[in-house]
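Structure assessment
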Amino acid sequence: MNIDKLRNQTPGTSHVIHFNNAGASLMPSTVSESVISFLKKETLRGGYETANNYRDQIDQVYPVIATFINATPQEIALQENATMAWNMAFWAIDFQPGDRILTSVSEYASNYIAYLKLQKMMDISVEVIPNTDAGMTSVEALSSMLDEKVKLVSITHIPTNSGLVNSVEQIGDIIKPYSCLYLVDACQSVGHYPVDVKKIGCDMLSATGRKYLRGPRGTGFLYVNNEILTQLTPPFLDLHSAEWIKKEEYRVRNDARQFENWETNYAGVMGLKEAVSYATNLGISNIWKRITTLASTLRNTLSQISNVSVHDIGTTQGGIVTFTIDNISAELIQQKLSSNDINVSVSRKSSTRLDMEQRSLDQLIRASVHYYNTEKEISTFSDAVRAISTQANP
Ligand SMILES: Cc1ncc(COP(=O)(O)O)c(C=O)c1O
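Residues numbered from 1 in each chain as written. Predicted model: local features only at pLDDT ≥ 70, side-chain atom pairs only at ≥ 80, totals over all residues. Heavy atoms only, no water.

**Structural notes on the site of the ligand**
The ligand sits among Asn 81, Ala 82, Thr 83, Tyr 108, Thr 156, Thr 160, Asp 185, Cys 187, Gln 188, Thr 208, Arg 210 and Lys 211. In this structure, Arg 210 approaches the ligand through a side-chain N or O atom, which is 2.8 Å from an oxygen atom. Lys 211 has a polar side-chain atom sitting 2.5 Å from an oxygen atom of the ligand. Taken by itself the ligand offers 390 Å² of open surface, and the protein chains cover 90% of this. (Near = heavy atom within 4 Å. Polar contact = N/O pair within 3.5 Å; in protein donor to acceptor, adjacent residues only side chain to side chain. Areas by Shrake-Rupley, 256 points an atom, 1.4 Å probe, with all protein chains shown as cover.)

Written as structure tokens, this is what we have:
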């Protein structure tokens, strides 16, 4: 990878050290320009007219995303974010009283809230698959929990704040003989790790545009395996996802776009298409390799600073690095870093309550690197963390 060239294509890199790629990555100019250019066309020609004029280019987003995750274009539905994508899939499942849902310790709050909401509506059980000693969802434990009452196995691939990458491919292999559905929250893994829906063997997978794909905010997508489409009922329908064919009758589309709405942010879609093409051109294996090299340098450097604790777990670790500094809150660390033009996130217990409670954690700093970050930035970042740590622990 020509990092200088990639940074030149990313104007934000000359303003900030951006270690908040798991929040929202810096967009390359080509992505922001495609959004702006589409908005300009809408401004001059009208929104509906522009969509009609550029329909072929807009529709290219489906094969571009499909190729990136080894799906078919008919298996992709555009969504406004990963939460909406995940909820569209989850609430489409025909849950019945007595069904079991198996999920991971590191499950994201919004997903878990949906399980709890469903539990208020009917008698289903939500069971958490224990972790291995290293902190990953245990494939062995899952294997002993599976039976015909399991309706759904729902796993977060790269959790919000524990650094790890769950073994979604192995999980897919284990559950293959069972009739349950398999939903993967790939919000933080698409554009980060080589996500291949066939290798994972998942039925549904949700993703966002703004994180590791480097797309615009307010974009995302859902993958639904064509073979299970008839087992699902979209929770909402409109005149795009279904056709009103007689006074008392409608017909639902027979592809994943039955999970879409008619109205959408076309400029954002153009940006998403550009972002996925950009990642495709770079090659996801190269991206993953560079991210893991940078993240492991960052982890090693931080763990050598006095009063700093790195909290990442798991045997396979990605670009998300989490840490605390003794005697100073994560919020204050974030503020101090921000005053040095360094961007990070604060991750709170309420985002991944099961994991954080299990590890007696309250708040963490989440520093998430992408391929366009540099060793020099890691060094500047570590110096800033060292200075904060010294001030807090004189
Ligand atoms: C693991 C995980 N899943 C889902 C989401 C929600 O994604 P979105 O904000 O795009 O809806 C997040 C957001 O941080 C996340 O970390």
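**Looking at the pattern of salt bridges**
Enumeration according to the criterion identifies 18 salt bridges in this entry. Arg 55 serves as the salt-bridge partner of Asp 59, at 3.7 Å between the closest nitrogen and oxygen. Here Arg 55 and Asp 59 lie together in helix α4 (residues 55–59), a separation of four residues that amounts to about one turn. Asp 59 sits in the partly exposed class, given a relative accessible area of 26%. Judged by relative accessible area, Arg 55 falls into the partly exposed class, the value being 28%. (Salt bridge = Lys/Arg side-chain N within 4 Å of Asp/Glu carboxyl O. Helix = DSSP H or I, 4+ residues; strand = E, 2+ residues; numbered from the N terminus. Buried < 20%, exposed > 50% of the residue type's maximum accessible area, 1.4 Å probe, protein only.)

**Let's talk about helix α9 (residues 168–175)**
Those residues of α9 not exposed but buried are Val 168, Ile 171, Gly 172 and Ile 175. Along the axis of α9, the buried residues cluster in a sector spanning 105°; they form a single face. Buried residues in α9 make contact with α8 (139–145), β5 (150–156), β6 (181–185) and α10 (197–200). (Arc of directions from axis to C-beta. Contact = heavy atoms within 4.5 Å.)

**Details of the pairing of strand β7 (residues 204–208)**
Most of β7 sits out of view: five of its five residues are buried. Side chains of β7 alternate between two faces, with Met 204, Ser 206 and Thr 208 and Leu 205 and Ala 207 buried alike. Bridge count between β6 and β7: three bridges; the pairing is parallel. Residue pairing across strands places Val 184 opposite Leu 205, the latter belonging to β7. With five bridges connecting them, β7 and strand β8 (residues 220–224) associate as antiparallel partners. Pairing of Ala 207 across the sheet is with Phe 221, part of β8. (Pairing = 2+ DSSP bridges.)

**Overview of the sheet that holds strand β14 (residues 345–348)**
Through backbone hydrogen bonds, the strands of a sheet pair up, either in parallel or in antiparallel fashion. Taken together, four strands build an open sheet; the order of strands is β11-β12-β15-β14 and the sheet is antiparallel. Since the sheet does not close on itself, it has two edges, and those belong to β11 (308–310) and β14, each with one partner. Neighbouring strand axes in the sheet, compared pairwise and without regard to direction, differ in orientation by 40° on average. Bridge analysis of strand β12 (residues 320–325) against strand β15 (residues 363–368) gives four bridges, and the strand direction is antiparallel. Bridge pairing in β15 links Thr 322 to Arg 366. (Axes fitted to C-alpha atoms, helices over the stretch in contact; angles between N-to-C directions.)

**Things to note about the domain arrangement of the chain**
Considered domain by domain, the chain is made up of domain 1 (3–27 + 284–392) and domain 2 (29–281). Its C-alpha centre places domain 1 at a distance of 26 Å from the equivalent point of domain 2. Domain 1 puts 43 residues into the contact, and the matching count from domain 2 is 37 residues. Buried area between domain 1 and domain 2, summed over both chains or domains, comes out near 3200 Å², and the portion from carbon and sulfur atoms is 56%. Contact with domain 2 buries surface across domain 1, with Met 27, Ile 284 and Leu 354 losing the most and accounting together for 21% of the total. On inspection of domain 1 and its partner domain 2, the count reaches zero salt bridges. Contributing elements (two or more residues each) for the side of domain 1 that touches domain 2: α12 (284–303), β12, β14, α14 (353–358) and β15. Per-element accounting of the side of domain 1 that touches domain 2 gives the leading share, five residues, to α12. (Domains from an automatic or database assignment. Buried area = accessible area lost by both parts, 1.4 Å probe.)

**As for the packing of aromatic side chains**
Under the definition given, this model contains twelve aromatic pairs. Summarising the aromatic geometry, the rings of Tyr 48 and Trp 262 are spaced 5.4 Å apart at their centres and angled 65° between planes, so their arrangement reads as edge-to-face. Within this pair, whereas Tyr 48 is found in helix α3 (residues 47–53), its partner Trp 262 is found in the loop between β10 (249–252) and α11 (266–282), the two being separated by 214 residues in sequence. According to the relative accessible area criterion, Trp 262 is partly exposed, its value standing at 39%. Taken together, the ring pairs connect Trp 86, Phe 90, Trp 91, Phe 95, Tyr 112 and Tyr 115 into an aromatic cluster. (Phe/Tyr/Trp six-rings, centres within 6.5 Å; stacked < 30°, edge-to-face > 60°.)

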